[in-house]
Amino acid sequence: GAVVSQHPSWVICKSGTSVKIECRSLDFQATTMFWYRQFPKQSLMLMATSNEGSKATYEQGVEKDKFLINHASLTLSTLTVTSAHPEDSSFYICSARYGNTEAFFGQGTRLTVV
Amino acid sequence: AQSVAQPEDQVNVAEGNPLTVKCTYSVSGNPYLFWYVQYPNRGLQFLLKYITGDNLVKGSYGFEAEFNKSQTSFHLKKPSALVSDSALYFCAVRERYSGAGSYQLTFGKGTKLSVIP
């Protein structure tokens, strides 16, 4: 089956630094990748949709300069949280799809900003 | 706009008893409906989906869900609950035609299932 891998699984960073999260489709070429954010005991909130080779489409209220998304290849998308602050601490999940398939989800990344 | 409601924050059920996790949806067109399960600090695992055809959909780990168009519901069910089924369950929806083909899912807020030994 299609596998989506996120790295790292968890990261702790200091306030003011930037952190990059990778999302890879391991056995398929992902035409579209999605980035979600999940707060404790809450649902997944779509942050942005990215298509390979084009700029990401951000959801309303998501700061594109703070959450930089790069989808440089058909198997890799990255989310960079710039100048992270404690309120950015969250669980970030990516998903990827190709052709007419539904999305496959990564295992998530727990970001803690201290 | 599409939306999903999961009216129960938590469902408790005794091991061996049947379980139901409720979901209702709202879309302007025909829906694609999904159930996912999430274990602590993990991503989402796909359980099942309804696209078209038989209203009763069977999925992974013995789960099934029934699509009811008149009630706009897609409740998740299992005849006999296991302790290992304890997790967070999400219902999701997208319209059958997403225009730009973005395949964006809208998730419910999740229901925590606790199966008591």
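Here the structure is shown first, and the text comes after it.
Caption draft 1: Quick peek at the sheet that holds strand β3 (residues 19–25) of chain A. All names here are of chain A. If you walk across this open sheet you meet the four strands as β1-β3-β8-β7, and the pairing is antiparallel. The open sheet is flanked by β1 (4–7) and β7 (67–73), the only strands paired with a single partner. Averaged over all pairs of adjacent strands, the angle between strand axes in this sheet comes to 15 degrees, irrespective of strand direction. Here β1 pairs with β3 via four bridges, running antiparallel. Residue pairing in the sheet places Ser5 in a bridge with Arg24 of β3.

Caption draft 2: Main features of the environment of Leu113(B). Residues and elements named next belong to chain B. Within the secondary structure, Leu113 is located in strand β12 (residues 111–116). Linking Leu113 and Tyr39, residues 74 residues apart in sequence, is a C-alpha distance of 11 Å. Not counting residues up to four positions away in its chain, the partners in contact with Leu113 are Val11, Val13, Leu19, Asp85, Ser86, Ala87 and Tyr89.

Caption draft 3: Structural context of a nonpolar patch on the surface. All names here are of chain A. On the surface, Trp10, Ile12 and Val114 cluster together into a nonpolar patch covering about 380 Å² of accessible area. Within the fold, Ile12 resides in strand β2 (residues 10–13). Ile12 sits in the exposed class, given a relative accessible area of 53%.

Caption draft 4: Fine view of the layout of surface pockets. Taken as a whole, the largest pocket spans an internal volume of roughly 570 Å³. Considering the residues around the largest pocket, the lining is formed by 22 residues, among which Pro40(A), Lys41(A), Gln38(B), Leu88(B) and Lys112(B) are closest to the centre. Going through the elements one at a time, β10 (87–95) and β12 of chain B are the ones with two or more residues in the lining of the largest pocket.

Caption draft 5: Focus on unusual backbone geometry. All names here are of chain A. The omega angle of the peptide bond from His7 to Pro8 is 0 degrees, so this bond is cis rather than trans. When you line up the elements, Pro8 lands in the loop between β1 and β2. You will see that Ser83, though not glycine, has its phi angle at about 45 degrees, which is positive. Within the secondary structure layout, Ser83 lies in the loop between β8 (76–81) and β9 (90–97). Taking relative accessible area as the criterion, Ser83 reaches 34% and is therefore assigned partly exposed.

Caption draft 6: Seen up close, the state of the cysteines. Across all of its chains, the model carries two disulfides over all chains by this definition. For Cys23(A), the disulfide goes to Cys94(A), at an S-S distance of 2.0 Å. When the S-S torsion is 80 degrees, as for the bridge of Cys23(A) with Cys94(A), the disulfide is right-handed. Of the two residues, Cys23(A) is situated in strand β3 and Cys94(A) in strand β9; the sequence distance between them amounts to 71 residues. For the pair formed by Cys23(A) and Cys94(A), the shared burial category is buried. One disulfide bridge connects Cys23(B) with Cys91(B), the sulfur atoms lying 2.0 Å from each other. In this structure, the disulfide formed by Cys23(B) and Cys91(B) twists by about -65 degrees around the S-S bond and is classed as left-handed. One end of the pair, Cys23(B), is in the loop between β3 (19–21) and β4 (24–26); the other, Cys91(B), is in strand β10, and 68 residues separate them in sequence. Both residues of the pair, Cys23(B) and Cys91(B), count as buried. No disulfide involves Cys13(A); its sulfur sits 18 Å from that of Cys94(A), the nearest cysteine.

Caption draft 7: Layout of the environment of Arg24(A). Residues and elements named next belong to chain A. For Arg24, the location among the structural elements is in strand β3. On a C-alpha basis, the gap between Arg24 and Gln38 in space is 19 Å, while along the polypeptide they are 14 residues apart. Setting aside its immediate chain neighbours within four residues, Arg24 contacts Val3, Val4, Ser5, Thr75 and Leu76. At 3.5 Å, the side chain of Arg24 forms a polar contact with the side chain of Glu22.

Caption draft 8: Region of interest: the packing of aromatic side chains. Scanning the model with the defined rule gives 15 aromatic pairs over all chains in all. With a centroid separation of 6.2 Å and an interplanar angle of 20 degrees, the aromatic rings of Phe34(B) and Tyr36(B) are classed as stacked. A centroid spacing of 4.1 Å and a plane angle of 20 degrees characterise the contact between Tyr50(B) and Phe67(B), whose relative ring orientation is stacked. Here Tyr50(B) is found in strand β6 (residues 44–50), whereas its partner Phe67(B) is found in strand β8 (residues 64–68), with 17 residues between them in sequence. Taken together, Tyr36(A), Phe105(A), Phe34(B), Tyr36(B), Phe46(B), Phe90(B) and Phe107(B) form an aromatic cluster joined through their ring pairs.

About the criteria used
- Residues numbered from 1 in each chain as written.
- Chains lettered and ligands numbered in written order.
- Predicted model: local features only at pLDDT ≥ 70, side-chain atom pairs only at ≥ 80, totals over all residues.
- Heavy atoms only, no water.
- Pairing = 2+ DSSP bridges.
- Helix = DSSP H or I, 4+ residues; strand = E, 2+ residues; numbered from the N terminus.
- Axes fitted to C-alpha atoms, helices over the stretch in contact; angles between N-to-C directions.
- Contact = heavy atoms within 4.5 Å.
- Patch = residues over 30% accessible without salt bridge, like charges linked within 9 Å, V, L, I, M, F, W, Y side chains within 5 Å.
- Areas by Shrake-Rupley, 256 points an atom, 1.4 Å probe, with all protein chains shown as cover.
- Salt bridge = Lys/Arg side-chain N within 4 Å of Asp/Glu carboxyl O.
- Buried < 20%, exposed > 50% of the residue type's maximum accessible area, 1.4 Å probe, protein only.
- 1 Å grid on protein atoms, 1.4 Å probe; cavity = no way out; pocket = protein on both sides within 12 Å on 5 of 7 lines; lining within 4 Å.
- Points joined across faces, edges and corners; volume = space filled by probe spheres on them.
- Disulfide = S-S within 2.5 Å.
- Polar contact = N/O pair within 3.5 Å; in protein donor to acceptor, adjacent residues only side chain to side chain.
- Phe/Tyr/Trp six-rings, centres within 6.5 Å; stacked < 30°, edge-to-face > 60°.

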